Amino acid sequence: MADAPNIAPAKTPGRKKLFIKTYGCQMNVYDSGRMADVLAPLGYAPTDRPDDADMVILNTCHIREKAAEKVFSDLGRLRALKTAKADMLIAVAGCVAQAEGAEIMARAPYVDIVLGPQTYHRLPEMVARTARAKNDPAAGQKGVLDTEFPAEPKFDHLPAPKADGPTAFLSIQEGCDKFCTFCVVPYTRGAEYSRPAADILREARGLVAGGAAEITLLGQNVNAYHGEGARGLGSLIRALAEIDGLARIRYTTSHPRDMDDDLIKAHGDVPQLMPFLHLPVQSGSDKILASMNRGHTRDDYRRIVDKLRDARADMALSSDFITGYPGEADRDFDDTMELINEIGFVQSFSFKYSPRPGTPAALMKPQVPDDVKTARLHLLQQVLDIHLRNFNKDCVGRTFDVLLTGSGRYPGQLVGRSPYLQAVHVMADPKHIGTIVPLAIVSVEAYSLGAVWAEDSFGRISCGEPVPTSPGNALAPVVSA
Ligand code: SF4
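The structure presented is a predicted model; accordingly, all values stated were derived computationally and were not measured. (Residues numbered from 1 in each chain as written. Predicted model: local features only at pLDDT ≥ 70, side-chain atom pairs only at ≥ 80, totals over all residues.)

Q: Got a minute to help me understand the overall build of the chain in this structure?
A: What the chain contains, in helices and strands, is 12 helices and 21 strands. Here the chain holds 481 residues, and the buried ones make up 42% of them. Residue pairs at least 24 apart in sequence account for 75% of intrachain contacts in the chain once pairs closer than 6 positions are excluded. (Helix = DSSP H or I, 4+ residues; strand = E, 2+ residues; numbered from the N terminus. Buried ≥ 20, exposed ≤ 12 C-beta atoms within 10 Å, placed from the backbone. Contact = placed C-beta atoms within 7 Å.)

Next up, the structure:
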């Protein structure tokens, strides 16, 4: 690694424009924010138009099918922009960059920077190296490729993030040691690393001081958290719950193997911890779970859910599912459907299995024919959708504390989040944005809820009571999030 050059902060911040396209999960959304943070001192301010940008970053994800092809197709479009604007910098970041960095450099030589998820704190020096290379063609450097897993944790070199509204993400853990046979994350994000608790608490206090009322803790295996100064995620959550003004805590994404008793107990005794958990199971078949190297059985999963519901009766769960994993027979798929009906997931992400180069499952036999994968996926999604709709319907007539996060689509309408992460719409004064208010749920759309103010001349409506109507409580059109 070359020595870091001295980079003088720009004299006129915001002079240059930065466009970041983020693919994939909340970890990538968080990383994109942090890349913007490290580039701000160089004068880069965000723009939402790539054709207006001096620098474009594609922050990629390798989870979805044909991820690399989608990146190359976006790069093709950016090439045309760069032809018209020779000084534009193009960077490819994230998991596709980590896995296929050399190929990106070879196939798209107009890309200036390729960086992995562990090196974005070095972006300023990469930008400077690129500028040096442009000014000195004799140096012969065409682009910067940095996909190392550096010994120094990147978090030590990042500026403290600022809150951007009432909800915020906070990355506490990265990487994965589980090596599920279908997944590239252990190869692209590296080994599990947990940030020290003191750093997380400091960052959380800063976010709350900046206006965040809800923080979602992020990690590829967030509940494998074992950072210095905490005895696991349960202990970290208890420490975070002491922060004045932090009203809500969530965490994602969890692995069933790391749902220890202390964390489950925290769901029962930390009121700030929301009663909604994304806990991927992937399959309900023990044979497939073993082949996936998940390290748990379907009964283990059931027991965890039972314990969570014992700790907190109103817990709701969401999950990830894969259909057509190699060797999945009808019987295995039936097991998955049975588990879905038994648990009653209220949200989900489901996909057809698609092989990722370099993963063990890509070489397994037999691969399931695509039409079978598709048919199973449709069936599974139909059932999951019924569970979601039933759950939403059951919310009508209940009162939820809703964190109002911003304006809705219609004049006078605000949108917020229920404890279960449902979008809730209500007519209300914008002064309430950022506050948590009791709202009575009065209608349901496919993926959102309509509400009225629960605190009115009728007094506080408690959960399950019928909702009185009054002229001032006219219901706005409900839109999906
Ligand atoms: S636990 Fe499995 S699916 Fe999740 S990131 Fe690790 S390897 Fe991938």
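Q: Sorry, what's going on with the sheet that holds strand S6 (residues 144–146) here?
A: Read from one edge to the other, the open sheet built from 6 strands follows the order S2-S1-S3-S4-S5-S6, with strand pairing classed as parallel. Whereas interior strands pair on both sides, the edge strands pair on one side only; in this sheet they are strand S2 (44–46) and S6. The mean angle between the axes of side-by-side strands here comes to 20°, regardless of whether they run parallel or antiparallel. Sheet analysis places strand S1 (residues 16–22) next to S2, joined by 3 bridges and oriented parallel. (Pairing = 2+ DSSP bridges. Axes fitted to C-alpha atoms, helices over the stretch in contact; angles between N-to-C directions.)

Q: Mind showing me how you'd approach unusual backbone geometry here?
A: Most peptide bonds are trans, and most residues other than glycine sit at a negative phi. Note that the residue after Thr252, namely Thr253, is joined by a cis bond; omega there is 5°. Along the chain, the position of Thr253 falls in the loop between strand S11 (248–252) and helix H8 (261–269). Geometrically, the link from Lys365 to Pro366 is a cis peptide bond, its omega value of -5° lying close to zero. The phi angle at Phe179 is positive, at roughly 55°, despite the residue not being glycine. Relative to the assigned elements, Phe179 resides in the loop between strand S8 (173–174) and helix H5 (185–188). For Gln282, which is not glycine, the phi dihedral falls at a positive 75°. Tracing the backbone through its elements, the reader meets Gln282 in the loop between strand S12 (276–278) and helix H9 (286–291).

Q: Explain the nonpolar core to me, please; I cannot follow it from the model alone.
A: Note on soluble globular proteins: their nonpolar side chains tend to be buried together. Counting residues in each nonpolar core, the largest one holds 66 residues, and the members touching the most others are Leu170, Ile215, Leu317, Leu439, Ile441 and Ala451. Not counting the four nearest positions on each side in its chain, Ala451 is found in contact with Val402, Val424, His425, Val426, Leu439, Ala440, Ile441 and Val442. Listed in part, the 48 residues of the second largest apolar core include Ile57, Leu58, Leu78 and Val92. (Core = buried A, V, L, I, M, F, W, Y, C linked by C-beta atoms within 7 Å.)

Q: Can you walk me through the pairing of strand S4 (residues 89–93) in this structure?
A: A regular strand places its side chains so that they alternate between the two faces of the sheet. Of all 5 residues in S4, 5 are buried, a share of seventy percent or more. Residues Leu89, Ala91 and Ala93 point to one face of S4 and Ile90 and Val92 to the other, with burial holding for every one of them. Sheet topology places strand S3 (residues 55–60) next to S4; 5 bridges connect them, and they run parallel. Among the inter-strand pairings, Val56 is bridged to a residue of S4, identified as Ile90. With 2 bridges joining them, S4 and strand S5 (residues 113–115) adopt parallel strand pairing. In the sheet register, Ala91 faces S5, and the bridge partner there is Ile113.

Q: I would appreciate a short explanation of the site of the ligand in the present structure.
A: Taken together, the residues surrounding the ligand are Cys176, Lys178, Phe179, Cys180, Cys183, Val185, Pro186, Gln220, Asn221 and His255. Considering only residue class, the shell around the ligand consists of 6 nonpolar, 3 polar and 1 charged. (Near = placed C-beta within 6 Å. Nonpolar A, V, L, I, M, F, W, Y, C, P; charged D, E, K, R; others polar.)

Q: Quick question: what am I supposed to make of helix H1 (residues 26–39) here?
A: Helical geometry: 3.6 residues make up each α-helical turn, so side chains three or four residues apart lie on a common side. When the terminal C-alpha atoms of H1 are compared, their 20 Å separation across 14 residues agrees well with the 20 Å that a helix rising 1.5 Å per residue should span. Of the positions making up H1, those classed as buried are Met27, Asn28, Asp31, Ser32, Met35 and Leu39. Along H1, the residues classed as buried sweep out an arc of 135° about the axis, all on the same side. (Expected span 1.5 Å × (residues − 1). Arc of directions from axis to C-beta.)

Q: Looking at this model, I keep getting lost on the environment of Gly416. Mind explaining?
A: You can see Gly416 is positioned in strand S16 (residues 413–417). Residue Gly416 is classed as buried on the basis of its C-beta count, with 29 C-beta atoms lying within 10 Å. Once the C-alpha coordinates of Gly416 and Thr405 are considered, the two residues, 11 residues apart in sequence, prove to be 4.9 Å apart. Not counting residues up to four positions away in its chain, the partners in contact with Gly416 are Val402, Leu403, Leu404, Thr405 and Val424.

Q: Please explain the packing of helix H7 (residues 233–240) against H8 as it appears in this structure.
A: Relative orientation of the contacting elements H7 and H8 amounts to 35°, with a least axis distance of 7 Å. On H8, the residues that touch Leu233, Gly234, Ser235, Ile237 and Arg238 of H7 are Asp262, Leu263, Lys265 and Ala266. Here the contact of H7 with H8 is built from residues that sort into 4 nonpolar, 2 polar and 3 charged.

Q: I would appreciate a short explanation of the sheet that holds S16 in the present structure.
A: Backbone-to-backbone hydrogen bonds join strands into a sheet, with any given pair of strands oriented parallel or antiparallel. Taken together, the 5 strands give a closed barrel; going around it, the order is S15-S16-S17-S19-S18, and neighbouring strands pair in mixed fashion. If you compare each strand with its neighbour and ignore which way they point, the axes differ by 55° on average. Where S16 lies against strand S17 (residues 423–427), 5 bridges are found, and the strand directions are antiparallel. Note that in S17 the partner of Val415 across the bridge is His425. Contacts from helix H12 (residues 370–395) reach strand S18 (436–444) and strand S19 (448–453) within the one sheet, and its direction differs from that of S18 by about 115°.

Any functional reading would require information beyond the geometric quantities listed.
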